[in-house]
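Residues per chain are reported as follows:
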Amino acid sequence: MGIEHPPFPVQNSTQSFWRTQLDPLDNHRTTEVLPEKADIVVIGAGYAGASTVYHLLEKSKNLSKKPSILILEAREACSGATGRNGGHLKPDPFNRPGSVIEEYGVEAAAEAAAFEMSHVDVIKEVVEREGIDCDFVMTRTFDVQFQESTRAQLKAGYDRLVDNGVETSRGVHCVADEKAEALSGVKGAKGCFSHTAGHMWPYRFVLHLLRKAISQGVGLQTHTPAQDISSSKDAEGYWTIGTSRGFIKSKVIVYASNAYTSKILPEYKDKIVPVRGICCRITTTKLSPPLLTNSYMLRHSSWEQDYLVPRMDGSIILGGARGVYYPTLENWYNTTDDSELIVSAKTYFDGYMQRNFRGWEDSGATVNKIWTGIMGYSTDSLPHIGDVPGKPNQFILAGFTGHGMPQIFLSARGIASMVVEEKKFEETGVPRIYKTTQARLDSKRNKILETWRQSQGTVSSKL
């Protein structure tokens, strides 16, 4: 199943563009000594952890006794997937829902699609209300296909949604053939779908939420990995969390640890798998580079995609490169090592804009910075949200399969409502198919490897 790597984040990770301007809270420890106990411990100081704490505080405003909250982070604040992704808030109102219909039905597909789409407006509102300086942009995204077969597959899923009256499909526009290239500006485009999306500087967004939380009494302990959890609660109802700096007891634990979840929750081993990706920043020598006003997903095949986000400074955030590293499983599957680049993908982005975009031929666009990051892929392609089965007062939001930007913030609100308001999962507004269950943990299916095998046309002897 690929090379076994240390389960904890490595300490010498590649530096992403987002982390070139570090916040003073990057290595923050609220206290020199780890507190003995807290009402709520959140494991992970990325998008999921910071969002959960934000909602916990919002929902605790009217309580006579505010809960004590502590965040544990294995490395620096927001140094995991959120600090290494593309900053692309790209819901999927037509592709994944088209396949979800087949397995879970129309209502489930419509629910998940609407949940993702609502993130764009919700994040916009939060950024404006909280005054978050994170370069947030609301835009349209172009989902471009280079193969007619890929376009036809996506169109069939889209038509299925339209035929079933799924509301989010109404906001999707699609064109084909020469119109696709004319609309998108992408050379050789065979199809193009467009819909509302957004993008932002994810590190700044998360650090703003953390700063607000600390100002309200929340503790943050960076460089303090959670290493193990007691198998049962003590007589006072506390779980015991072992860390690199000692023990802390907590009534409630929230796992916002994504790719690293299975180390401290062994039941999620082979259910949430660490997967490595690669991303870069492209700059140009031109004083006025060609203007891109939309973000992009470029699909070279059904399994090979790149994503592109234009920044207001004229630079481009570009990730993907699956076509050159995906065939070799050891390059990306079940690895937690983001200290190295993926060797076969190191030069993939060179000349990318010139090759693929009209008007960029003489742009002088070059790779300015390149890095890797570790995502938490769910083996059934759905996030795990809710009560950890068999462990009362333990909650999880993880396994976002590289698609967390339009799923996490409102999933965190759902977790907060379960913790503070004691709501059942079904009352949170989180899509029903996201609920983590024992049945999902017992399933032997692995869609990650199924997709990989299909892309290769054969089963590797190494599996």
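Preceding this section is the structure that the text describes.
Calculation notes
- Residues numbered from 1 in each chain as written.
- Predicted model: local features only at pLDDT ≥ 70, side-chain atom pairs only at ≥ 80, totals over all residues.
- Heavy atoms only, no water.
- Helix = DSSP H or I, 4+ residues; strand = E, 2+ residues; numbered from the N terminus.
- Rg over C-alpha atoms; globule rule 2.2 N^0.38 Å.
- Buried < 20%, exposed > 50% of the residue type's maximum accessible area, 1.4 Å probe, protein only.
- Areas by Shrake-Rupley, 256 points an atom, 1.4 Å probe, with all protein chains shown as cover.
- Pairing = 2+ DSSP bridges.
- Axes fitted to C-alpha atoms, helices over the stretch in contact; angles between N-to-C directions.
- Parallel < 35°, antiparallel > 145°, perpendicular 65-115°, else oblique.
- Left-handed = near helix turned anticlockwise from the far one by under 90°.
- Contact = heavy atoms within 4.5 Å.
- Nonpolar A, V, L, I, M, F, W, Y, C, P; charged D, E, K, R; others polar.
- Salt bridge = Lys/Arg side-chain N within 4 Å of Asp/Glu carboxyl O.
- Arc of directions from axis to C-beta.
- Disulfide = S-S within 2.5 Å.
- Expected span 1.5 Å × (residues − 1).
- Polar contact = N/O pair within 3.5 Å; in protein donor to acceptor, adjacent residues only side chain to side chain.
- Phe/Tyr/Trp six-rings, centres within 6.5 Å; stacked < 30°, edge-to-face > 60°.

Trainee: Break down the overall build of the protein for me, citing the residues and quoting the values.
Mentor: Assigned secondary structure in the protein consists of twelve helices and 17 strands. Scaling as 2.2 N^0.38, a compact globule of 463 residues should have a C-alpha radius of gyration of about 23 Å, and the protein matches this with 21 Å. With the C-alpha coordinates aligned to their principal axes, the bounding extent of the protein is approximately 70 × 50 × 50 Å. Residue burial in the protein is summarised as follows: out of 463 residues, 57% are buried. Within the structure as shown, the protein displays about 18600 Å² of accessible surface, and the carbon and sulfur contribution to it stands at 49%.

Trainee: If you had to explain the pairing of strand E4 (residues 137-145) to someone new, which residues and values would you point to?
Mentor: E4 sits mainly inside the fold: seven of its nine residues count as buried. Both E4 and strand E6 (residues 191-199) contribute to a ladder of nine bridges, which runs antiparallel. Counterpart to Phe142 in the pairing with E6 is Ser194. Summarising the sheet, E4 and strand E12 (residues 295-299) pair through five bridges and their orientation is parallel. Counted as the bridge partner of Val144 is Leu298 from E12.

Trainee: Outline the packing of helix H1 (residues 47-59) against helix H6 (residues 202-215), listing residues and values.
Mentor: Axis separation between H1 and H6 bottoms out at 9 Å; the angle between their running directions is 40°. Classified by the angle between their axes, H1 and H6 sit oblique to one another. The hand of the H1/H6 crossing is left-handed. Along its contact with H1, which presents Tyr47, Ala50, Ser51, Val53, Tyr54, Leu57 and Glu58, the element H6 presents Phe205, Val206, Leu209, Leu210, Lys212 and Ala213. Its residues assigned to classes, the contact of H1 with H6 comprises ten nonpolar, one polar and two charged.

Trainee: How would you sum up the environment of Ile123? Please name residues and give values.
Mentor: Structurally, Ile123 can be placed in helix H3 (residues 106-130). Remark: the alpha-carbon pair of Ile123 and Lys59, spanning 64 residues in sequence, is separated by 18 Å.

Trainee: Describe in detail the pattern of salt bridges, supporting the description with residues and values.
Mentor: One pass over the structure, following the stated rule, counts 33 salt bridges. Note that Lys212 is salt-bridged to Glu58, the shortest N-O span being 3.9 Å. Of this pair, Lys212 sits in helix H6 while Glu58 is found in helix H1, placing the two residues 154 residues apart along the sequence. Ionic pairing is found between Asp313 and Arg311, a salt bridge with its closest N-O pair at 3.8 Å.

Trainee: Give me the packing of helix H2 (residues 95-104) against H3: which residues, what numbers.
Mentor: Two elements in contact, H2 and H3, have axes separated by 7 Å at closest approach and are oriented at 145°. The handedness of the crossing between H2 and H3 is right-handed. From H2, Pro97, Val100, Ile101 and Tyr104 reach across to H3, where they touch Val106, Ala108, Ala109 and Ala113. Its residues assigned to classes, the contact of H2 with H3 comprises eight nonpolar, no polar and no charged.

Trainee: Lay out H2 in plain terms, naming residues and giving numbers.
Mentor: Taken as a whole, H2 has its buried residues at Pro97, Gly98, Val100 and Ile101. Take H2 and look down its axis: the buried residues cluster within an arc of 165°, on one side only.

Trainee: Report on the state of the cysteines, specifying residues and quantitative values.
Mentor: Each disulfide consists of a covalent bond between the sulfur atoms of two cysteine residues. Counted by the stated rule, this structure contains zero disulfides. Free cysteine Cys192: the closest other cysteine sulfur is in Cys174, separated by 9.3 Å. Cysteine Cys279 is unpaired, with the sulfur of Cys280 as its nearest cysteine sulfur at 6.2 Å. Here Cys279 falls in the buried class, since its relative accessible area comes to 1%.

Trainee: Hey, could you go over H1 for me, with residue numbers and the actual values?
Mentor: Along its 13 residues, H1 runs 18 Å from first to last C-alpha, staying within 8% of the 18 Å computed at 1.5 Å per residue. For H1, the tally of buried residues reaches eleven of 13 residues, placing the bulk of the element in the interior. Those residues of H1 lying buried are Tyr47, Ala48, Gly49, Ala50, Ser51, Thr52, Val53, Tyr54, His55, Leu56 and Leu57.

Trainee: Which residues make up the side chain of Arg84, and what are the values?
Mentor: Counting through the fold element by element, Arg84 comes out in the loop between strand E2 (69-72) and strand E3 (88-89). Since its relative accessible area comes to 4%, Arg84 is described here as buried. Polar contacts involving the side chain of Arg84 include one to the side chain of Ser13, which spans 2.6 Å. One polar contact links the side chain of Arg84 to the main-chain carbonyl oxygen of Thr372, over a distance of 3.0 Å. When neighbours within four sequence positions are excluded, Arg84 is seen to be in contact with Ser13, Thr14, Ser16, Trp18, Arg75, Ser79, Cys279, Asp338, Trp371, Thr372 and Gly373.

Trainee: With reference to specific residues and values, describe the packing of aromatic side chains.
Mentor: Per the stated rule, a full pass over the model turns up 16 aromatic pairs. Ring geometry for Tyr158 versus Phe193: centroids 5.9 Å apart, planes at 75°, classification edge-to-face. Note that Tyr158 is positioned in helix H4 (residues 148-163) and Phe193 in strand E6, a separation of 35 residues in sequence. The class for Tyr158 is buried, based on a relative accessible area of 11%. The class for Phe193 is buried, based on a relative accessible area of 1%. A ring pair is formed by Tyr326 and Trp332, whose centres lie 4.8 Å apart and whose planes are at 20°; its orientation type is stacked.

Trainee: Requested: an account of the environment of Pro383, with residues and values cited.
Mentor: Residue position: Pro383 is located in the loop between strand E15 (366-378) and strand E16 (384-387). C-alpha of Pro383 to C-alpha of Lys424: the two residues are 41 residues apart in sequence and 17 Å apart in space. Once residues within four sequence positions are removed from consideration, Pro383 is found in contact with Ala398, Gly399, Phe400, Gln407, Tyr434 and Arg440.

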